[in-house]
Amino acid sequence: MFSNIPPYDGDPILSLQETYALDPRADRVNLSIGFYYDEDGRLPVLRSVLDAHSALGTTHLGRGYLPMSGDPAYCSAVRPLVFGDDCEACVDGRVATIQTLGGSGALKVGADFLFSAWPRSRVCISDPTWDNHRAIFEGAGFEVEAYPYFDSATGAVDFAGMIAFIGALPAHSIVVLHPCCHNPTGADPTPAQWDELIALMAARRLIAFFDMAYQGFARGIDEDRYAVRAAADAGMSFVVSQSFSKTFALYAQRCGSLSVVCASSEEAQRSLGHLQRMVRRNYSSPPSYGSRLIEHVLSDDSLRTAWFDEVAGMRARMARMRGRLHEALTADAKDGDWGFLLQQNGMFSYAPALGRHALALRNDFGVYILESGRICIAGLTSGNVAHVARAFAEVASAG
């Protein structure tokens, strides 16, 4: 019956995670998957989340299905986090928000929603981008192409190439953008560049799809939503997906959101109905426990402040590790230019030259990075950064 099904090549990130788990070496280092590890190399449990768990107790048990759009209290708590408390679009009721199965679920529902409205539009993703972006949008039925984004010579955004490409797109083209902590490069536009890009997209009537998975890991919770808020203030209609896996360390709970910013409250209500339809034909309704934890934290002033502080602590630790790795590499590999490590931000750095040595790094040193050259900075600790630097320096010297 299923003899015509070809083998699955596996996901480049998740498959490598399985290989890492089977590696018996005590000094192996996982810099591949996008997990945030603490200084002891463990997935953290945030104190704010533990306090919310204690407060909720067993009240989450014995409950029925959530609505198709999720817990209304959760959606109300998430919306100002994404847009700001005083966002005019939110105040006017022009934003439709639903709870989703993590950021991936938000992307899937958003892609289906846009395809139902604009099936002939083309989706444009950055070159490079998170691998699943292309799969999700092609799976929804879209044609997908890549726009210039990363300048490998400078380790920064190729903004001129990006603007030239996007400026030539036909109206209603869909452009997938990372508001902060670009995955996989860690290279972000400046606020001034975001302003220029948003003005261009508004003038050309393009549809922005912001994928925000790391809010707070670049400069801060408020600062990292700059592009989303600027688009809302410019009067654009657009889509935002949000993930809380990393920032709340709730990977297995699959908590995310999808928001559609509309021209009117009536349009937002119609959009909400269509989002619910997309959910119903996919997974019917989201799970409740993780969303209740997040809603409790965001709705309690003390816990919200504590969570902001914990995110700031994670951000500071990653910045320290960047500095430590740069310092060690500058000493161990004097001929190389490692300045990109300090210039990029968030969970990831991007070094295609190292990616060419991914197999040697894994086999010879037990250091796991992606073949694309993506490095998860959050996997570095004080105990392993010197080992990683030596490994990087040795393969870099081999050419």
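The structure under discussion appears in the preceding block.
Residues numbered from 1 in each chain as written. Predicted model: local features only at pLDDT ≥ 70, side-chain atom pairs only at ≥ 80, totals over all residues. Heavy atoms only, no water.

Visitor: I'm lost on the overall build of the protein chain in this one. Help?
Guide: Across its full length, the protein chain carries 16 helices and 13 strands. By the compact-globule yardstick of 21 Å for 399 residues, the protein chain fits well, its C-alpha radius of gyration being 21 Å. Projected onto the principal axes, the alpha-carbon positions of the protein chain cover approximately 60 × 55 × 55 Å. In the protein chain, which comprises 399 residues, the share counted as buried stands at 55%. (Helix = DSSP H or I, 4+ residues; strand = E, 2+ residues; numbered from the N terminus. Rg over C-alpha atoms; globule rule 2.2 N^0.38 Å. Buried < 20%, exposed > 50% of the residue type's maximum accessible area, 1.4 Å probe, protein only.)

Visitor: Help me understand the pairing of strand β10 (residues 255–261), please; the structure alone is not making it clear to me.
Guide: Both faces of the sheet carry side chains from a regular strand, because those side chains alternate between them. For β10, the buried fraction is high: seven of the seven residues fall into the buried class. By the alternation rule, side chains of β10 split into Cys255, Ser257, Ser259 and Val261 and Gly256, Leu258 and Val260, which are all buried. Note: strand β2 (residues 95–101) against β10, seven bridges, orientation antiparallel. Within the sheet, the bridge partner assigned to Ile98 lies in β10 and is Leu258. (Pairing = 2+ DSSP bridges.)

Visitor: Sorry if this is basic, but what is going on with the packing of aromatic side chains here?
Guide: Geometrically, a pair of aromatic rings is defined through the distance of the ring centres and the angle of the planes. Evaluation of the coordinates by the stated rule reveals 17 aromatic pairs. Pairing Phe35 with Tyr37 gives two aromatic rings, centres 6.1 Å apart and planes at 85 degrees, and the pair type is edge-to-face. For the residue pair Phe35 and Tyr37, the accessibility class agrees, reading buried in each case. Chaining the aromatic ring pairs together yields one cluster made of Tyr74, Phe244, Phe248, Trp307 and Phe308. Directly above the ring of Tyr20 sits Arg28, whose terminal nitrogen or CZ lies 4.4 Å from the centroid. (Phe/Tyr/Trp six-rings, centres within 6.5 Å; stacked < 30°, edge-to-face > 60°. Lys NZ or Arg CZ within 6 Å of the ring centre and 35° of its normal.)

Visitor: Would you mind going over the pairing of strand β4 (residues 143–148) with me for this structure?
Guide: The pairing of strand β3 (residues 122–127) with β4 spans six bridges and is parallel. Across the sheet, Val123 pairs through a bridge with Val144, a residue of β4. A crossover links β3 with its parallel partner β4, the connecting element being helix α6 (residues 131–139), and its sense is right-handed. (Right-handed = clockwise from strand over helix to strand, strands pointing away.)

Visitor: Looking at this structure, how should I read the nonpolar core?
Guide: Nonpolar side chains in soluble globular proteins tend to be buried together. Core analysis: the largest hydrophobic core is formed by 108 residues, its most contacted members being Leu177, Phe210, Phe238, Leu325 and Phe392. The dominant element in this core, judged by the number of residues it contributes, is helix α12 (residues 301–332), at nine residues. For Phe210, the contacting residues outside a window of four places in its chain are Leu177, Pro179, Trp194, Ala227, Val228, Ala231, Phe238, Val239, Val240 and Ser241. Counting 29 residues, the second-largest nonpolar core is a separate cluster that includes Ile98, Phe113, Ile125 and Val279. (Core = buried A, V, L, I, M, F, W, Y, C linked by side-chain atoms within 4.5 Å. Contact = heavy atoms within 4.5 Å.)

Visitor: Sorry if this is basic, but what is going on with the environment of Asp40 here?
Guide: Looking at the secondary structure, you find Asp40 in the loop between β1 (29–30) and α2 (47–56). C-alpha separation for the pair Asp40 and Tyr289, spaced 249 residues apart in sequence, amounts to 27 Å.

Visitor: It is not clear to me how the sheet that holds strand β7 (residues 174–177) should be interpreted in this structure. Could you clarify?
Guide: Two modes of strand pairing occur in sheets, parallel and antiparallel, and in both the strands are linked by backbone hydrogen bonds. In space, the seven strands of this open sheet follow the order β2-β10-β9-β8-β7-β3-β4, with mixed pairing throughout. Taken across any chain shown, the strands that pair with only one partner, and hence form the sheet edges, are β2 and β4. In this sheet, neighbouring strand axes are inclined to one another by 20 degrees on average, regardless of whether the strands run parallel or antiparallel. With four bridges joining them, β7 and strand β8 (residues 207–212) adopt parallel strand pairing. Counterpart to Ile174 in the pairing with β8 is Ile207. (Axes fitted to C-alpha atoms, helices over the stretch in contact; angles between N-to-C directions.)

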